[in-house]
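Fold and geometry: a report
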Amino acid sequence: MSARDRLRKFGELALETVASLLLVLSLYWLFMVFLYALFPSGTPLKEMLESHSEELPAKDGAGRRPEAALKSLVRDVRFRRGDSVAWEGAREGMLLYNNDAVQTFDRSGATLSFAPSDRLTLGSNSLVLVTRLNQKVEGEPRAYRVQVEGELQGSLSNEKKLRLEISTAGHLARVAAGAARFRVTPNGNASSLAVYAGEVRVQGRDGFVRVPAYHGITLRRGVAAGPAVPLPEVPMLKSDKLLYRFRRLPPKVRFAWSGRAGEYHFQLARDPRFKNLVLDRKLAVPELVTGTLDAGSYFWRVSGITEAREGFFSRTGRCELLQFLRAPELKVDFPPQSAAAGSFTLTGSVEPGARVYVNGVEVPGGGDGGFAHNLVLKSGVNLIRVEAVDQAGNASYASRVIYGTGAGAEGK
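Residues numbered from 1 in each chain as written. Predicted model: local features only at pLDDT ≥ 70, side-chain atom pairs only at ≥ 80, totals over all residues. Heavy atoms only, no water.

**Section: the environment of Phe-79**
Applicable threshold: Secondary structure elements are defined from DSSP: runs of H or I of at least 4 residues count as helices, runs of E of at least 2 residues count as strands, and each element is numbered from the N terminus.
Secondary-structure assignment places Phe-79 in strand S2 (residues 77–80). Distance from Phe-79 to Leu-127, taken between C-alpha atoms, is 9.5 Å for residues 48 residues apart in sequence.

Spelled out as structure tokens, the structure:
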């Protein structure tokens, strides 16, 4: 084959390669355009599937119209149908209908999902009864009255798919249409309502009492609804980065914050979204001390509470518990076993952060772990003992007997 034929075949191969690359790039960009059209604004596929899965069916197999679904059940949760007096154990994903009731017990909880972003969450020892107010009306947002005894948190989207009113402690509170977040908390014979976003209007003797965002109100049975007051101030963490090192036993960990006198809500979790809670306590003092935490990373936050009205949580703090079981590595540059008496500089290195002692005297070290210490060798037998102790209390030792020769400094 001539050189010209080889060159021609090489050119044809190069053109085919370029054409293939252009085709692949074109298909790639078409695929990206398709993804952008399918998932606008970068909406994750998982999120879209979850939202779609939360849509309620128009009717069930018996022709009944479901109003909500039970989600995120924790421990002991019961339900009662509107046409029954018997309570049964609830299960994840079950549908609720008009006049159904849900009850939780100690350390239990459940979420009622009305739409993909419209939810009510029950706390422990709480009871709700859901009633549809406009069941026969088509083409309008669904309207519900929720009777609650206990703790209830609400989160409504800006899509305005439903209207909601809360009945508690003999009062009726209507949530304004649109995005809203609120909490109902039992307070003895009363209930406290805190509004974090949106607006709630409470029926009063002379009209409605407006409760805007960042405000709360206490509702007492037989007593007219009082004015809304600002929610408690957000506590300030005294240190949002805590680090503890330990050897065998877990250390005493102190979480502290500042804030006005009152009650506080402290939460400690393994995850930054506080889904996996380790501690969840109400406290009367601005600190918590515990010695039961395992090694690992933790996240913590705290909110203020006044008359059961809970304010916003503080910024999230971090806490690291590091367990060290291995003794720190120690290297010492000892003099020869026989050395001239007199001044000598002992040098060595240790893991950064460990403390070094030479014959019981602490030696300052550098940031890289290196250290140096001046010694005086006497004539005869000298014992040099070096100890390194890390921040968890693990210790390493090195020692040597040095024989000082000559008069040196001691003989003068």
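So that's the structure; there's more coming.
**With respect to unusual backbone geometry**
Operational definition: Partly exposed describes any residue whose relative accessible area lies between the buried limit of under 20% and the exposed limit of over 50%, with all areas from a 1.4 Å probe on protein chains only and scaled to the type maximum.
Positive phi, normally seen in glycine, also occurs at Ala-308, with a value near 70°. Within the secondary structure layout, Ala-308 lies in the loop between strand S25 (296–306) and strand S26 (309–313). Here Ala-308 falls in the buried class, since its relative accessible area comes to 15%. Positioned with a positive phi, Asn-359 is a non-glycine residue whose angle comes to about 50°. For Asn-359, the location among the structural elements is in the loop between strand S31 (355–358) and strand S32 (361–363). The partly exposed category is assigned to Asn-359, whose relative accessible area is 40%.

**Points about the nonpolar core**
When a protein is soluble and globular, its nonpolar side chains tend to lie buried together. Selection rule: Note on terminology: a nonpolar core comprises buried Ala, Val, Leu, Ile, Met, Phe, Trp, Tyr and Cys residues joined through side-chain atoms within 4.5 Å. In this analysis, two residues are considered to be in contact whenever any of their non-hydrogen atoms come within 4.5 Å of each other.
Counting 37 residues, the largest nonpolar core has Leu-112, Leu-152, Leu-164, Ile-166, Leu-193 and Val-202 as its most contacted members. Not counting residues up to four positions away in its chain, the partners in contact with Ile-166 are Val-146, Val-148, Leu-152, His-171, Leu-172, Ala-173, Phe-182 and Val-184. Grouped together as the second largest cluster of nonpolar side chains are 18 residues, Phe-246, Val-253, Leu-283 and Trp-300 included.

**Examining the packing of aromatic side chains**
So the rule is basically this: Note on ring pairs: Phe, Tyr and Trp rings are taken, using the six-membered ring of Trp, and paired if centres are within 6.5 Å. Classes follow the plane angle, with under 30 degrees stacked, over 60 edge-to-face and the rest tilted. Counting as a charge over the ring demands two things of the Lys NZ or Arg CZ atom: a distance within 6 Å of the ring centre and an angle within 35 degrees of the ring normal.
Tallied over the entire structure, the rule returns nine aromatic pairs. Centroid distance Tyr-214 to Phe-312: 5.3 Å. Interplanar angle 50°. Geometry classified as tilted. Taken together, the residues span a long stretch of sequence, with Tyr-214 in the loop between strand S16 (207–212) and strand S17 (215–220) and Phe-312 in strand S26 at a distance of 98 residues. On the basis of relative accessible area, Tyr-214 is assigned to the exposed category, the value being 52%. Site record: aromatic cluster; members linked through ring pairs are Phe-255, Trp-257, Tyr-264, Phe-266 and Trp-300. The ring of Phe-274 carries the charged tip of Arg-301 above its face, separated from the ring centre by 4.0 Å. Geometry around Phe-313 places Arg-301 over its ring, the cationic atom sitting 3.9 Å from the centre.

**Brief notes about the pattern of salt bridges**
Under the convention used in this document: Salt bridges are identified by distance alone: a Lys or Arg side-chain nitrogen within 4 Å of an Asp or Glu carboxyl oxygen.
Enumeration according to the criterion identifies 17 salt bridges in this entry. Among the ionic pairs, Arg-201 bridges to Glu-199, the shortest N-O distance being 2.8 Å. Under the relative-accessibility criterion, Arg-201 is labelled partly exposed at 44%. Ionic contacts of the salt-bridge type, sharing partners, join the residues Arg-145, Glu-165 and Arg-174 into one network.

**Considerations on the environment of Arg-221**
Structurally, the position occupied by Arg-221 is in the loop between S17 and strand S18 (229–230). Here the alpha-carbon distance between Arg-221 and Thr-168, two residues 53 residues apart in the chain, equals 8.6 Å.

**Here's the deal with the sheet that holds strand S13 (residues 180–187)**
Selection criterion: In this scheme, strands are said to pair when DSSP sees at least two bridges between them.
Taken in spatial order, the nine strands of this open sheet run S4-S1-S6-S7-S10-S13-S14-S17-S18, and their pairing is antiparallel. Strands with a single pairing partner mark the edges of an open sheet, and in this sheet they are strand S4 (95–96) and S18. Strand direction decides the pairing type here: S17 and S18, joined by two bridges, are antiparallel. Bridging from a neighbouring strand, His-215 pairs with Pro-230 of S18.

**A look at the pairing of strand S11 (residues 162–168)**
Of all seven residues in S11, five are buried; the element is thus mostly enclosed. Looking at chain direction, strand S9 (residues 142–149) and S11 are connected through six bridges and run parallel. Across the sheet, the residue bridging to Arg-145 is Glu-165, located in S11. Here S11 pairs with strand S12 (residues 171–175) via five bridges, running antiparallel. Opposite Glu-165, over in S12, you have Arg-174 as the bridge partner. Once S11 ends, the chain turns through two residues before running back antiparallel as S12, passing Ala-169 with a positive phi of about 50°.

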